[in-house]
2 protein chains.
Amino acid sequence: MAGAAGSDPTARPAPVGEAAILQAAIAVMAEHGYHGTSVRDIAERAGLSAGALYHHFASKQEVLATIMERGIKALLSRTRTALDGAGDDPVARLRALVEVQILFHLQDQRGTLLGTSELRALEEPVRTRHLAKRAQQQRLFDAVVADGVERGVFATPLASEASRAIVVMCTGVAAWFSPSGRLSGRQLVARYQRLALAMVGGPAPEDDTG
Amino acid sequence: MAGAAGSDPTARPAPVGEAAILQAAIAVMAEHGYHGTSVRDIAERAGLSAGALYHHFASKQEVLATIMERGIKALLSRTRTALDGAGDDPVARLRALVEVQILFHLQDQRGTLLGTSELRALEEPVRTRHLAKRAQQQRLFDAVVADGVERGVFATPLASEASRAIVVMCTGVAAWFSPSGRLSGRQLVARYQRLALAMVGGPAPEDDTG
């Protein structure tokens, strides 16, 4: 997860103006919601004129679509990279998935909450495309859990339910985690790896509770 | 859970006009968000004039506050009733908690999502009061898991993290469950009871996977 983009939702290098607009949009929409936010609000927060914003994006909807699409693409890309690096062991692969899912969503807690609460504001065909990519992300978890069950490493009879619950609980940290709380992000990851392994009936862990 | 209010967010019998307004507000805000919804929109959806709405509520904020407050109060009340009926066994108590948390949120999926996405729109002091009640709900789960650990029924070394993850995954069903999907709400409850028990290191279950 080194080199992760922090609060920057973009998956690839973007012009300064564009990145600033997307960050400003996440901040303003997190406060007022998509429908409560105007193009002018976003431009003001980014320190630009509305005209300058329209140089980069045709509409508020295009700003939202860009935030959502880059977010899910970045998540998918990092998840695949983590799986590539995790080797063949289902335990290591599930641990890698939990780590990426938590750290990605903690890096941009406001963006995560926006991705959940403003999904309804995304227009077609972008919305359907976005949901398809979220389903892809879920299937990466499903495949790891199913593989672990098939190989006798995970004992759960509820592979698909466990897989979905793991994604929900790892994504959900963005709604409550506080960087000033008693656990660091890394400690949280270690504990959730252990919870996820317990849920799928994985082998008893070494002590990694952080 | 018999006699539950279905899509009606009210915890006690309300005048027809008031209940209709609250249901209309949930429906319109689920589509357009709090800030994208006007008092007129809510009144129109409820088949009333804006003037008639103001007879019941002083503002759009009061409508939202009423929805949120009644929702969390009803959840707390049903949860305490379920615990009272569950007896002393930590397994039975955790199963009761999972059942209430899931069925309550499935009964009003739009209201649940509103409660998550429009928390930011709730003004003080209502917001702080609401968060305190949500924390109370979490503590009911915390107490059951901690008691199970203390009595050696649950083996997890991560009681508080497991308790929070269980609340998040049970509440989260509102975001993805489809009544026309392959599982009924009851089957979902049985499977999540099993997952929750696995996460806390509970005893191996009888076959209750629905």
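Residues numbered from 1 in each chain as written. Chains lettered and ligands numbered in written order. Predicted model: local features only at pLDDT ≥ 70, side-chain atom pairs only at ≥ 80, totals over all residues. Heavy atoms only, no water.

Visitor: I would appreciate a short explanation of the UniProt feature "DNA-binding region" (unreviewed entry) in chain A in the present structure.
Guide: The UniProt entry lists residues 38-57 of chain A under the feature "DNA-binding region" (unreviewed entry), expressed in the numbering used here. The straight-line gap between the two end C-alpha atoms of residues 38-57 of chain A is 13 Å; of that span, 75% is helix and 0% is strand. (UniProt positions renumbered as here; feature names shortened; annotations may be inferred. Helix = DSSP H or I, 4+ residues; strand = E, 2+ residues; numbered from the N terminus.)

Visitor: Even after reading the chapter, I still don't get the relation of the copies chain A and chain B, so can you show me in this structure?
Guide: Mapping between the two chain copies consists of a rotation about an axis together with a translation along that axis. Between chain A and chain B, the superposition needs a rotation of 180° and an axial shift of 0.0 Å, giving an RMSD of 0.0 Å. Considering both components of the superposition, the chain copies are consistent with a two-fold axis. A shared interface surface links the copies, since 100% of the contact residues of chain A are contact residues in chain B too. (Least-squares fit on C-alpha atoms with pLDDT ≥ 70 in both. Contact = heavy atoms within 4.5 Å.)

Visitor: Looking at this structure, I do not really get helix H2 (residues 39-46) of chain A. What am I missing?
Guide: Side chains that are three or four residues apart share a direction in an α-helix, a result of its 3.6 residues per turn. Residues and elements named next belong to chain A. Among all positions in H2, only Val 39, Ile 42 and Ala 43 are buried. Around the axis of H2, the buried residues are gathered within 95° of arc, so they sit on the same side. Exposed and facing more than 90 degrees away from the buried side of H2 are Arg 40 and Glu 44. Gly 47, located one to two residues past H2, shows a positive phi value of around 75°. (Buried < 20%, exposed > 50% of the residue type's maximum accessible area, 1.4 Å probe, protein only. Arc of directions from axis to C-beta.)

Visitor: Help me understand the packing of aromatic side chains in this model?
Guide: In this description, an aromatic ring pair is defined by two values, namely the gap between the centres and the angle between the planes. Under the counting rule described, the total for this entry stands at two aromatic pairs over all chains. In this structure, B:Arg164 packs its charged tip against the face of A:Trp176, placed 4.0 Å from the ring centre. (Phe/Tyr/Trp six-rings, centres within 6.5 Å; stacked < 30°, edge-to-face > 60°. Lys NZ or Arg CZ within 6 Å of the ring centre and 35° of its normal.)

Visitor: Please clarify how the pattern of salt bridges should be interpreted in this entry.
Guide: For side chains of opposite charge, pairing can occur when their charged atoms come near one another. Taken as a whole and assessed by the stated rule, the structure comprises 20 salt bridges over all chains. Across the pair A:Arg186 and A:Glu99 runs a salt bridge, and its minimum N-O distance is 2.5 Å. Note that A:Arg186 is positioned in helix H10 (residues 185-199) and A:Glu99 in helix H5 (residues 90-107), a separation of 87 residues in sequence. Among the residues examined, A:Arg186 registers a relative accessible area of 51% and is labelled exposed. Here A:Glu99 falls in the partly exposed class, since its relative accessible area comes to 23%. Between B:Arg120 and A:Glu118 there is a salt bridge; the shortest N-O distance is 3.0 Å. Residue B:Arg120 is found in the loop between helix H6 (109-117) and helix H7 (126-150), and its partner A:Glu118 is found in the loop between helix H6 (109-117) and helix H7 (126-150); the two belong to separate chains. Look at B:Arg120 and you get partly exposed, because its relative accessible area is 23%. Through salt bridges with shared partners, one network takes in A:Glu118, A:Arg120, B:Glu118 and B:Arg120. (Salt bridge = Lys/Arg side-chain N within 4 Å of Asp/Glu carboxyl O.)

Visitor: Any chance you could explain the interface of chain A and chain B here in plain terms?
Guide: The extent of an interface is frequently quoted as the accessible surface area lost upon association of the parts. Between chain A and chain B, the residue contacts involve 30 residues of the former and 30 residues of the latter. Here chain A meets chain B over a buried area of about 2,600 Å², counting both sides, of which 65% is carbon and sulfur. Where chain A touches chain B, the interface holds six salt bridges. On the surface where chain A and chain B come into contact, there are ten residue pairs in polar contact (both at pLDDT 80 or more). (Buried area = accessible area lost by both parts, 1.4 Å probe. Polar contact = N/O pair within 3.5 Å; in protein donor to acceptor, adjacent residues only side chain to side chain.)

Visitor: Looking at this structure, I do not really get the environment of B:Leu113. What am I missing?
Guide: All names here are of chain B. Topologically, Leu 113 is positioned in helix H6. The spatial distance from the C-alpha of Leu 113 to the C-alpha of Arg 194 is 25 Å, given a sequence separation of 81 residues. Contacts of Leu 113, omitting those with residues within four sequence positions, involve Ala 174 and Ala 175.

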